[in-house]
Each structure stands twice: as C-alpha cells, then as structure tokens.
Amino acid sequence: SDLGRGTAGCLLFFASMNDGVGTIGYPANLPGVVCVGGTNMCDQRMDFSGTIPANSCNYDNRLDYVSLTGGSNYGTGLGVVAPGINIPTTDISGSDGYSDINTVEGWKTPDANYVLNFDGTSSATPQAAAVMALILSINPELNYAAATTILETNCDKVGGYSYTTYLPNGAWNNEMGFGRINAYSSVLTALNSIHITGQDFFCTGSTAYHVPNLTNLPVTWSVSGSTASLSCVSCNQTTLTRISTAPVTLTATYDIPCISGATVSKVVYVGSAPVTVTTAQGGCNFGYQSW
C-alpha cells in the first residue's frame, strides 16, 4: 500500500465486521487500513440485537423473512461510519442472484438483478471508499495521510454520541469513529488542498507551473498585469515568460461537476525576488539587503 499511486500510497478500506462487539475484525484492524462501521436509519451504530419493531431505526427489511442478530463492530481503530441498512445495490443477474434466496438469507426484491435491502458493514464500506474516490478525483496528488485526514476531519458527529476522545484527525467516539462520512464537505476540502506548483520567482526566460490533473479536465489559466505571458490558457500545465519586472498573480480556474468556478492563485515575482528576514541576500542580481 505504501508504494501505490507513485509512492503516494493506496487507500485501503475494510468493514469493521457485524458481530456487534467492541473489537473490530481483521483485516480492518491492520495499520494503514481505514476501518468502516455501519449506521442505522437514525444515524446511530447499527445493532440487530433484541426485538426490533417494524419501521424502527434498526429495522432491516430482511427481518420480514429471517431472524437477524449482530451489529456493527466498534472500538479502537474504527475510522468512519456510513449507512448500513436497506442499501440498494446490484445483484448477480438472473436466478443465481441473492435476491432469489428469500428463505435462507432474507433477500427479497421484485427484480432478480438488484437487491434493495443489502445490509451490514459490507454495505457501508463501499460508500466510504466512494467518498475517498471523490477526494482523489479532485486532487490525485494527495498522499495517504492527507487524503485520510480529509475524509475523517469532515465526518458529521451524528447519533447523539459524545465525541470526547481527541485524536490527530479530530474528535472520536468509540462506536462511531470520527463520525458519518460527508461527501460534499470532503470534496470542498479536497478542492482547497490544490496548490499551484512552480517557482515563487524567476529572473529571466520562462518557468512552468502546474496543478493536479483533475480527472483530465482542463484548467483555465490567467495572469494579472503585463510583465509575463502565458504559454497556454486551457491546460493543466502552463509556462510564464518574462516580459518585464514586477510581481504577477497567476490563477488557475477549473470547473468540476456541481462545483464551478473554483480558483487557486499564486503570486510570482517576475524579474526579481522577494527579500525576507530569512533571505538577506536575494534578488535576481544577487544584491544585498540593508537592515
């Protein structure tokens, strides 16, 4: 997992398991794995133990046909939670599908190509992985730690639980982890993680600037002032060429479905270099700053 995506690290998700106990199962308990628990229809930890009345928070439609016990495993190592009861999903086509095993597993749906009541942490986990896919579609250059931080810090603290344990990625609860996943908030944070890569200044000639390849969507570049020109306007990488000396603001604008007009900017010193308290010798002519 450490070497995947050009050493940025693969994102691995596993279900916490469905025994309803305070210990998450293997392999969700391995280092470098995002452990996903399941929630019921009231944003609480999924729990099938005891008698469950119809239309209650934990009422799975399979209970119309079979008796179910268990719940979402929880405890140390739990990362996030996602809905885990009555989740529609595709099924094996035709009569080989689970939707035809009505008396054994309780799956029942009018169309054998779909299951309308898939449940358990196995149904919650792909939803969390899908949010991670959205995060990486916005900024594929995020490494494992940065991408996981975005997922976990944007979770909603739902269910009426006390999130009183504080971990590096925020408030945490023993039964809910960092909370229920929030796709929209995660995408916005991923958007804000994008930065223009390139030199802060250049003295002569040209230099290249880059933003992550946003799922192959072109980026529109613009530059303020008249001291530098752009090699291209609609591209993921552009080049600034010096015309004269003065700072410019380089801006990348990109349109992502449901989020349009997002921008990121960078000040570039053209033909000069900023002098700071840490660079007493600076400038394109190697001049010295007097203090």
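Placed above this text is the structure.
Each chain carries its own residue numbering, running from 1 in the direction its sequence is written. This being a predicted model, a pLDDT of at least 70 is required before a residue's local features are given, and a value of 80 or more before pairs of side-chain atoms are given or counted; all residues contribute to the totals for chains, interfaces and linings. Excluding hydrogens and water, the side-chain values take into account all heavy atoms of the structure.

Attention now goes to the state of the cysteines. Pairs of cysteine sulfur atoms within 2.5 Å are what we label disulfides. A full pass over the atoms with the stated rule returns two disulfides. The residue that forms a disulfide with Cys42 is Cys57, at a sulfur-sulfur distance of 1.8 Å. On the sign convention where negative means left-handed, the S-S torsion of about -75 degrees between Cys42 and Cys57 marks this disulfide as left-handed. A residue pair is termed long-range when its members are at least 10 positions apart, and Cys42 in the loop between strand S2 (33–39) and strand S3 (78–83) and Cys57 in the loop between S2 and S3 qualify at 15 residues. By relative accessible area, which is 36% here, Cys42 ends up partly exposed. The exposure class assigned to Cys57 is partly exposed, which follows from its relative accessible area of 23%. Labels follow the DSSP assignment, with helices taken as runs of H or I lasting at least four residues and strands as runs of E lasting at least two, numbered in each case from the N terminus. Only protein chains enter the accessibility calculation, which uses a 1.4 Å probe; a residue whose area is less than 20% of its type maximum is buried, one above 50% is exposed, and one in between is partly exposed.

Bringing the pattern of salt bridges into the picture now. Salt bridge, as applied in this entry: a Lys or Arg side-chain nitrogen positioned within 4 Å of an Asp or Glu carboxyl oxygen. Tallied over the entire structure, the rule returns five salt bridges. For Asp156, the salt bridge is made with Arg180, and the minimal N-O distance between the two is 3.2 Å. Highlighted residues: Asp156 in the loop between helix H3 (144–153) and strand S6 (165–167) and Arg180 in the loop between strand S7 (170–172) and helix H4 (183–192), separated in sequence by 24 residues. You can call Arg180 buried: its relative accessible area is 18%. Between Lys266 and Asp200 there is a salt bridge, with the nearest N and O atoms lying 2.7 Å from each other.

Right, let's get into the pairing of strand S9 (residues 206–210). Here S9 shows a buried face lined by Thr207 and Tyr209 and an unburied face lined by Ser206, Ala208 and His210. Direction of pairing for S9 relative to strand S12 (residues 237–242): antiparallel, over a ladder of five bridges. Following the sheet pairing, Ala208 is matched in S12 by Thr239. At least two bridges found by DSSP between two strands is the condition for calling them paired.

We now examine the nonpolar core. Of all hydrophobic cores here, the largest spans 53 residues; its most connected members are Leu151 and Trp221. Listed by contribution, the elements that provide at least two residues to this core are S2, S3, helix H2 (121–138), H3, S7, H4, strand S13 (246–256) and strand S14 (259–270). In terms of residues, this core owes the most to one element, H2, which gives seven residues. Nine residue types can take part in a nonpolar core, namely buried Ala, Val, Leu, Ile, Met, Phe, Trp, Tyr and Cys, and a core is a set of them joined through side-chain atoms within 4.5 Å. Residues Phe48, Ile52, Tyr59 and Val66 belong to the second largest nonpolar core, which totals seven residues.

Okay, the side chain of Asn58 next. Residue position: Asn58 is located in the loop between S2 and S3. Here the side chain of Asn58 touches Asn40 through a polar contact of 3.2 Å, side chain to side chain. Here the side chain of Asn58 touches Asp47 through a polar contact of 2.9 Å, landing on its backbone nitrogen. The criterion used for residue contact is that any of the two residues' heavy atoms lie within 4.5 Å. With sequence-adjacent residues up to four places away left out, Asn58 is seen in contact with Asn40, Arg45, Met46, Asp47, Phe48, Ile52, Leu63 and Ile85. Pairs of N or O atoms are called polar contacts if they sit within 3.5 Å, as long as, within protein, a hydrogen donor faces a hydrogen acceptor (for residues adjacent in sequence, only side-chain-to-side-chain pairs).

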